[in-house]
Amino acid sequence: MPKAMRYTTDSIIYFGGNIDYRIFILQSGVVNLSSIDIETGNEINEKVKDGEFFGVKSALGKFPREETARAVCPSVVIGLTVQEFENIFINNKELILKMLRVFSGQLRQIHKKTESILNNVSTDLQSGMLSLAQSFYNDDQFRSASDVYLKFLKRYPNYLKRTEVAKLYQEAKLKADRLAEMNKNDISFDDDESDNSNKIFALPAAFERFAKIYEPGQVIIAEFEPGDSFYLIQKGKVQLIKCVSGSKKNLDILKPGEIFGEMAILDNSPRSATCMAIGHVKCLEFNKENFQLLITGNPQIALHLLKLFCKRINDQKRRFRILCIKDYQARICDVFLLLDEMNPISSEKEKQRRFNVSVHDVANWAGLPVDVTKDELFKLSAQRKVEIYDDYMIISNINEMRRLYESRYLTGNL
């Protein structure tokens, strides 16, 4: 049962860094949420209004509190377990859409800050799409390149240099068709993958009319293009790619039951990443018109989306924190600490770590030029803290890496 709790003036409801999976509603009084801006180091204060939820992201995402919650005056707060919150959330259409839009906006703002610090802000969406297509072409991913060129031609039929783009599309498609002929095979999916999305969400058979099949290397959505649909993976895997200064960075691999493309549906903004089929992929495609019908008729999907936003906001903030570190070696150390967080091991006694990353991968994570990254990695190698190979690296002692990061971070960011 939800329980009302009374707090006196200046009482702390929870501290930043706490592990606490309760969600709160302010019934009366005033609550202040204080946190530290990742980029500036300045304190941020936000007041909670009567009837508003707080503590949602960390509770649903199961990560430490980002902020400290303090009662500014005598206040009454309702505490909910995650299950109690879900019971309220799942039957309230207005609350569903409001929270999804708020979290979508927060995630979009973090993306914008990340792109700004990487000097990757492009107000010219056309140039962004052409750069993405060229990047695929340069890497001999001709199917992906032709897909992006074709999307561009459809989106911008009056582009001044349309003839040149059409020629690039034809060249990429010709090479893609030749490769496809050489590697011709039947449509099949990985044996270990089943139709998990229907099991997770119990979708009715009527949704099968939204199903689409994508071929290996096919670009489902392209970064920089306007967003007008989102997808639920039923079979296969989808790779998320970010184009940074003309080169591609692999962000994640999504599996059956996962959703992508949802941000553009909620805030009418351009795509922030490219999603490409790995092998054959089956997705359900939903547009803006049937989005509300889908999530309100299938509230478990809305809840899944909300948890997805919580996780992505936390992940993006963690990556953004790396980019804000002034000391380059501390920044690279924190990349390894992030990789350790993403790939935890069961034995705390095991100090050595192996990460399947190249120098270019570390440079992308750190937001540094490759030559600068190489110099810093060689310094760490000289100290016998890291062994560098072509496509993987070994950290001799992750705890020593953490101590080095903390000492250099404190010195370099004062």
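Residues numbered from 1 in each chain as written. Predicted model: local features only at pLDDT ≥ 70, side-chain atom pairs only at ≥ 80, totals over all residues. Heavy atoms only, no water.

Trainee: Pulling in residues and values, what's your account of unusual backbone geometry?
Mentor: Its identity is not glycine, yet lysine 62 carries a phi of approximately 60°, on the positive side. Assignment of secondary structure puts lysine 62 in the loop between helix H1 (56-61) and strand E7 (68-71). Given a relative accessible area of 53%, lysine 62 falls into the exposed group. (Helix = DSSP H or I, 4+ residues; strand = E, 2+ residues; numbered from the N terminus. Buried < 20%, exposed > 50% of the residue type's maximum accessible area, 1.4 Å probe, protein only.)

Trainee: For the side chain of serine 144, give the residues involved together with the corresponding values.
Mentor: Locating serine 144 in the fold gives a position in helix H5 (residues 142-155). Apart from residues lying up to four places away in sequence, serine 144 is in contact with Phe136, Gly217, Val219 and Met276. (Contact = heavy atoms within 4.5 Å.)

Trainee: Quick rundown of the side chain of threonine 373? Include the residues and the values.
Mentor: Among the structural elements, threonine 373 can be located in helix H13 (residues 370-382). One polar contact links the side chain of threonine 373 to the main-chain carbonyl oxygen of proline 369, over a distance of 2.9 Å. In this structure, threonine 373 is in contact with Ile332, Val359, Val362, Ala363 and Leu368, ignoring residues within four places of it in sequence. (Polar contact = N/O pair within 3.5 Å; in protein donor to acceptor, adjacent residues only side chain to side chain.)

Trainee: I'd like a description of the packing of helix H3 (residues 93-117) against helix H9 (residues 288-297), backed by residues and values.
Mentor: Two measures define how a pair of helices packs: the angle their axes make with one another and the distance between the axes. Relative orientation of the contacting elements H3 and H9 amounts to 120°, with a least axis distance of 10 Å. Where H3 crosses over H9, the handedness of that crossing is right-handed. Packed against H3, whose contacting residues are Lys93, Ile96, Leu97, Leu100 and Arg101, the element H9 presents Phe291, Gln292, Ile295 and Thr296 at the interface. In terms of residue class, the contact of H3 with H9 is built from five nonpolar, two polar and two charged. (Axes fitted to C-alpha atoms, helices over the stretch in contact; angles between N-to-C directions. Left-handed = near helix turned anticlockwise from the far one by under 90°. Nonpolar A, V, L, I, M, F, W, Y, C, P; charged D, E, K, R; others polar.)

Trainee: Mind laying out the sheet that holds strand E17 (residues 393-395), listing which residues take part and the relevant values?
Mentor: In any sheet, the strands associate via hydrogen bonds between backbone groups, in a parallel or an antiparallel arrangement. In space, the three strands of this open sheet follow the order E15-E17-E16, with antiparallel pairing throughout. The sheet terminates laterally at strand E15 (353-355) and strand E16 (386-388), the two strands that pair on one side only. Along the sheet, successive strands turn relative to each other by an average axial angle of 15°, direction set aside. As judged from the three bridges shared by E15 and E17, these two strands associate in the antiparallel manner. Across the sheet, the residue bridging to phenylalanine 355 is methionine 393, located in E17. Across the sheet, helix H11 (residues 328-342) lies against E15, E16 and E17, angled at about 95° from E15, the strand it touches most. Across the sheet, H13 is in contact with E16 and E17; its angle to E16 comes to roughly 125°. (Pairing = 2+ DSSP bridges.)

Trainee: Any details on the sheet that holds strand E4 (residues 31-36)? Residues and values, ideally.
Mentor: One open sheet holds the four strands; their spatial order is E2-E7-E4-E5, and the pairing between them is antiparallel. Of all the strands in the sheet, just strand E2 (12-14) and strand E5 (43-48) have a single pairing partner and so form its edges. Put simply, the sheet's adjacent strands are angled 30° from each other on average, direction ignored. Alignment of E4 against E5, held across six bridges, turns out to be antiparallel. Directly across from valine 31, in E5, lies its bridge partner valine 48.

Trainee: Describe the packing of H11 against H13, listing the residues and the values that go with them.
Mentor: One can describe the packing of H11 onto H13 by two numbers: an axis separation of 10 Å at closest approach and a directional angle of 80°. Judged by the angle between their axes, H11 and H13 are roughly perpendicular. Contact residues: Tyr328, Gln329, Ile332, Cys333 and Phe336 in H11; Val372, Thr373, Glu376, Leu377, Lys379 and Leu380 in H13. Class assignment for the residues of the contact of H11 with H13 results in seven nonpolar, two polar and two charged. (Parallel < 35°, antiparallel > 145°, perpendicular 65-115°, else oblique.)

Trainee: I'd like a rundown of the pairing of strand E14 (residues 274-287), residues and numbers included.
Mentor: Of all 14 residues in E14, ten are buried, a share of seventy percent or more. By the bridge criterion, four bridges tie strand E9 (residues 211-214) to E14 in an arrangement that is antiparallel. Bridge pairing in E14 links lysine 212 to cysteine 283. Bridge analysis of strand E10 (residues 219-221) against E14 gives two bridges, and the strand direction is antiparallel. Each bridged residue has a counterpart across the sheet, and for isoleucine 221 the counterpart in E14 is cysteine 275. The sheet contact formed by strand E11 (residues 229-244) and E14 spans eleven bridges and is antiparallel. Opposite lysine 235, over in E14, you have lysine 282 as the bridge partner.

Trainee: Please give an account of the environment of valine 362 that cites residues and values.
Mentor: Secondary-structure assignment places valine 362 in helix H12 (residues 359-366). Considering only alpha carbons, one finds valine 362 and isoleucine 332, 30 residues apart in sequence, at a separation of 7.2 Å. Ignoring sequence-local partners within four residues, the contact set of valine 362 consists of Ile332, Val335, Phe336, Val357, Thr373 and Met393.

Trainee: Can you break down the nonpolar core residue by residue, with the values?
Mentor: Counting 40 residues, the largest nonpolar core has Phe53, Phe85, Phe89, Leu100 and Ile295 as the members making the most contacts within it. Ranked by residue count, the leading element in this core is helix H10 (residues 299-323), at nine residues. In this structure, phenylalanine 85 is in contact with Ile23, Phe53, Val56, Leu60, Leu80, Met99 and Leu306, ignoring residues within four places of it in sequence. The next biggest cluster of nonpolar side chains, apart from the first, holds 26 residues, and it includes Cys333, Trp365, Ala366 and Met393. (Core = buried A, V, L, I, M, F, W, Y, C linked by side-chain atoms within 4.5 Å.)

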